[in-house]
Each structure stands twice: as structure tokens, then as C-alpha cells.
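Given next are the chains, with one letter for each unit.
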Amino acid sequence: MDHLTAPTLSEILDEPIIVALMNRDGMTAETLRQLLEQVGRNLRDREERLAA
């Protein structure tokens, strides 16, 4: 990871502490990615509705 840029989602999800927390909580990286994608879609939809 380049310390001059923000880490990618993949880099964050590969961190051992994050893997351990997800395992403890029964969360998979794929499920978290899907959740984040849905949140992003919801935010974009909301912004579009407010702009109209």
C-alpha cells in the first residue's frame, strides 16, 4: 500500500484485523462489498431525487 494515497477497499479487507473482525461477526468480504455497493446506489438515488 502506498502511504501517499488512501487504501483501496481490497487492501482494507485484506488487513488481518479486518479479516478477524469479519470472521467473528460472520461477515464475508463479498457480503460487505454488496452492502457498500447498495449503500452507494441508495445515496446516488437520494442525491438525484433531491436535485430534481
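Bear in mind the structure is a predicted one, so any value in this text is a computation, not a measurement.

Each value, and the rule that gives it
- Residues numbered from 1 in each chain as written.
- Predicted model: local features only at pLDDT ≥ 70, side-chain atom pairs only at ≥ 80, totals over all residues.
- Heavy atoms only, no water.
- Helix = DSSP H or I, 4+ residues; strand = E, 2+ residues; numbered from the N terminus.
- Rg over C-alpha atoms; globule rule 2.2 N^0.38 Å.
- Buried < 20%, exposed > 50% of the residue type's maximum accessible area, 1.4 Å probe, protein only.
- Areas by Shrake-Rupley, 256 points an atom, 1.4 Å probe, with all protein chains shown as cover.
- Patch = residues over 30% accessible without salt bridge, like charges linked within 9 Å, V, L, I, M, F, W, Y side chains within 5 Å.
- Salt bridge = Lys/Arg side-chain N within 4 Å of Asp/Glu carboxyl O.

### Structural notes on the overall build of the protein chain
- A tally of regular secondary structure across the protein chain gives three helices and zero strands.
- Reading the secondary structure of the protein chain in the N-to-C direction produces α-α-α.
- The C-alpha atoms of the protein chain give 15 Å as radius of gyration, which overshoots the globular expectation for 52 residues (10 Å, by more than 25%).
- Its C-alpha atoms put the protein chain at 45 × 30 × 10 Å along the principal axes.
- Burial analysis of the protein chain (52 residues in total) assigns 6% to the buried set.
- For the protein chain, the accessible area works out to roughly 4,500 Å², and carbon and sulfur atoms hold 58% of it.

### Some words on the environment of E11
- On the secondary structure map, E11 appears in helix α1 (residues 9–13).
- Put simply, E11 and A29 are 18 residues apart on the chain and 11 Å apart in space, counted from C-alpha to C-alpha.

### Digging into helix α2 (residues 16–25)
- Counting buried residues along α2, only one of its ten residues qualify, which leaves the element largely exposed.
- Looking at the residues trailing α2, positive phi occurs at G26, about 70°.

### Considerations on a nonpolar patch on the surface
- Taken together, the side chains of L9, I12 and L36 define a hydrophobic patch exposed on the protein surface, amounting to about 220 Å² of accessible area.
- As for its position among the elements, L9 is in helix α1.
- Exposure remark for L9: the relative accessible area of 33% places this residue in the partly exposed category.

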